[in-house]
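What follows is the residue order along each chain.
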Amino acid sequence: MAFTLVLILASTVAAPMHPVQEGHPMSGTWVGDWGPDAEERHRVVVVMEWTGQALVGTINPGPDAIPMRVATVDPSDWSVHIEADATDGEGRPVTYVIDGTIDDLGTYNRTIAGTWNAGATPGDFSITRQ
Amino acid sequence: MRNAAFGLSGVAVLLLAGGPGSAHHHPAAKFDPDRAVTLQGSVSKIDWLNPHVHLFMEVTDGDATVSWAVELESTVDLRRNGWGPDTVDLGDRITVDGMAARDGSRQIWANSVVHGDSGRDVFTVAPAEPPDAAEAAAPTPRWPDGRPRLGPPAGEAGGYWDFPSRSTLVEDGATAPADRHGLLADIDDAAGVAPFQPWARDLYRYRQQNFLKDDPMFLGCKPAAGPRVFQRPYGVVFLEEPERERIRVIMGGGNQNWRFIHLDGREQTGLPEGTAGDPLYFGHAVGEWDGDTLVVDTRGFHDRFWFSNGGLPHTPQLHLVERFTRTDLNTLRYEVTIDDPGAYTRTWTSSWTLRWVSGEELPVYYCQDNRP
């Protein structure tokens, strides 16, 4: 057999098609969950928009919407910091302090994951852009 | 630091530096220049489609026979160089040198294809060259009212604008050499390309450092829009429709999409995210003549496309003022002022020229023939 394969790569899986990256990486609607541990999770919807000078956003838009008091992204490492004043299940004020990093920056369905602290209660989160 | 795409060795460098204008994507967006592959086998299928022609070949290694897809340039570039779907026949033996797909699939970008035992190189593509400039001194063709014609001279048919003198958006006065896809020769030039806001600068760097792999034109054949229309291969036609007081701009480099420039004095109604009547990729364009220059004001873009080769970011606040001046028969000067306070710290301007291709029709290039 004269034919020679000098190099064969292992996978035969064709490249999937991905939606596109556009505009400011934080703009859009993000869905995921947060919570103090693997058992207690809270589904969350986060909507953010880049005004040109600042990020603005809302956690769980609707009658119980929580506006973001602080929302920043550091493009040097695409780290995200969010603060929002909410109430806990018993109606007591609680401040969310959320820190994460954008992953898969180039894709439409990129993610942000990190820590989501509700007052003194530490937790984690992961949200995916829709 | 030089861009990784230009730090390669061997055949990959020859491909990237000397190859023709691929209309679709930078080879390194999909293929890894560090994974050189040589294949010998027989042709099992010829997929003669845009955006890229593919040869399928059966390759035997020991007792196993596997199929590989060999990616070539577009049908337009291949035909321009004298190749066609009958250049090779099913069953012909070929040897392919190239680089393997980044995702590990059995796909290869062909740096060279050698046919059978003859050793003849096939599917080679030379860079497209503008037509002979012998007519450069011919004056600007004009309508009876004296206004410049943006299409062919009276009595002639066909023709289009191509061969932009600059391949990507760079602020006038800045120095940032780039290849035909907009990939910078030196990534350290990125910050000087435009007056970026920090996020836009770093997103631009990210796109550059990833070989433009997230380009919507590459991923889903989304249209080029804004100034990118005038930097894509395969040209642009200005179809002047005076009876309707508008110009239809037809883009050869992307599915022959078109945008309208309205000249009837209507108000600019484009808003961020467009309006109900706006074709959001192209915004809402109104134009008027200022002497021999057509001045076009466009707003109402969304941000689901890249408005430049090379991936400069923009936001729905993008506002363009474009100036088109046909300085002679063969030369169209294009100048665009970019106002996007969502992504840039101030307005800025870039300009280049396009060359008239006389008597020819736009190449037929539909990216969607073989893409979503």
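Each chain has its residues counted from 1, following the order in which its sequence is written. Whichever chain is written first is A, and whichever ligand is written first is 1; the rest continue in order. Only residues with pLDDT of 70 or above have their local features reported here, since the model is predicted, and side-chain atom pairs are shown and tallied only from 80 upward, although totals for entire chains, interfaces and linings are computed over all residues.

## Remarks on the overall build of chain A
How we decide: Strands are runs of DSSP state E lasting at least 2 residues, helices are runs of H or I lasting at least 4, and numbering of each runs from the N terminus. Buried means a residue has 20 or more other C-beta atoms within 10 Å of its own C-beta, exposed means 12 or fewer, and partly exposed covers the counts in between; C-beta atoms are placed from the backbone. Residues are treated as contacting if the C-beta atoms built from their backbones sit within 7 Å of each other.
Scanning chain A from N- to C-terminus turns up 0 helices and 8 strands. Across chain A, helices and strands are ordered from the amino to the carboxyl terminus as β-β-β-β-β-β-β-β. Relative to its full complement of 130 residues, chain A shows a buried share of 25%. Of the contacts made within chain A by residues no fewer than 6 positions apart, 30% connect residues no fewer than 24 positions apart.

## Some words on the overall build of chain B
The number of helices and strands found in chain B is 5 helices and 15 strands. Across chain B, every contact between residues at least 6 apart in sequence was considered, and the portion connecting residues at least 24 apart equals 61%.

## Quick look at the sheet that holds strand E3 (residues 55-59) of chain A
Residues and elements named next belong to chain A. The cut-off we apply is this: Note on pairing: two strands pair once DSSP finds at least 2 bridges between them. For every element, the axis is a line fit to its C-alpha atoms; helices are fit only across the contacting stretch, and the angle between N-to-C directions ranges from 0 to 180 degrees.
Judged by pairing direction, the barrel is antiparallel, and its 8 strands sit side by side in the order E1-E2-E3-E4-E5-E6-E7-E8 before closing back on the first. Mean inter-strand twist for the sheet, computed between neighbouring axes without regard to direction, equals 25°. Two strands pair when backbone bridges link them, and strand E1 (residues 28-35) and strand E8 (residues 124-129) are joined in this way by 6 bridges, in the antiparallel orientation. Bridge pairing in E8 links Gly32 to Ile127.

## A few points about the pairing of strand E3 (residues 64-71) of chain B
Residue and element names in this part refer to chain B. Here strand E2 (residues 54-61) runs beside E3; their pairing, made up of 8 bridges, is antiparallel. Paired with Phe56 across the bridge in E3 is Ala69. As paired strands, E3 and strand E5 (residues 107-115) are joined by 3 bridges and run parallel to one another. Paired with Val70 across the strands is Ile108, a residue of E5.

## Observations regarding the domain arrangement of chain B
All names here are of chain B. Basically, it comes down to this: An automatic or database domain assignment supplies the residue ranges for each domain. Residue polarity follows a fixed list, in which Ala, Val, Leu, Ile, Met, Phe, Trp, Tyr, Cys and Pro are nonpolar, Asp, Glu, Lys and Arg are charged, and the others, Gly among them, are polar.
Per the domain assignment, the segments making up chain B are domain 1 (4-122) and domain 2 (133-370). Summarising the inter-unit geometry, the C-alpha centres of domain 1 and domain 2 are found 31 Å apart. Between domain 1 and domain 2, the residue contacts involve 15 residues of the former and 21 residues of the latter. Broken down by class, the residue content of the side of domain 1 that touches domain 2 amounts to 9 nonpolar, 6 polar and no charged.

## Some remarks on the nonpolar core
Residues and elements named next belong to chain B. Stated formally: Throughout this description, the term nonpolar core refers to a group of buried Ala, Val, Leu, Ile, Met, Phe, Trp, Tyr and Cys residues whose C-beta atoms join them within 7 Å.
Counting 111 residues, the largest nonpolar core has Met57, Val70, Ile108, Ala110 and Val236 as its most contacted members. When residues of this core are assigned to domains, at least three fall in each of domain 1 (4-122) and domain 2 (133-370). If we ignore the near neighbours within four places in the chain, the residues touching Met57 are Leu39, Gly41, Ser42, Val43, Ser44, Trp68, Val70 and Ile94.

## Things to note about the pairing of E8 of chain A
All names here are of chain A. Here E8 shows one buried face, formed by Phe125, Ile127 and Arg129, and one open face, formed by Asp124, Ser126 and Thr128. Pairing analysis gives 5 bridges linking strand E7 (residues 111-118) to E8, with the strands arranged antiparallel. By the bridge assignment for E8, Gly114 is matched with Phe125. The loop that links E7 with its antiparallel partner E8 comprises 5 residues; one of these, Gly119, has a positive phi angle of about 65°.

## Considerations on the confidence of the model for chain B
Quick reminder of the rule: pLDDT measures the predictor's confidence residue by residue and takes values from 0 up to 100.
Per-chain confidence: chain B averages 88 in pLDDT, with 90% of residues scoring 70 or above. Two numbers describe this predicted complex: its pTM, 0.84, and its ipTM, 0.73.

## Looking at unusual backbone geometry
Residue and element names in this part refer to chain B. At the junction of Asn50 and Pro51, the peptide bond is cis and its omega measures out at 10° in the coordinates. Even without a glycine there, the phi angle at Cys221 is positive, about 55°. With phi around 80°, Tyr234 is a residue other than glycine that occupies positive phi space. As for its position among the elements, Tyr234 is in the loop between helix H5 (216-220) and strand E8 (236-241).

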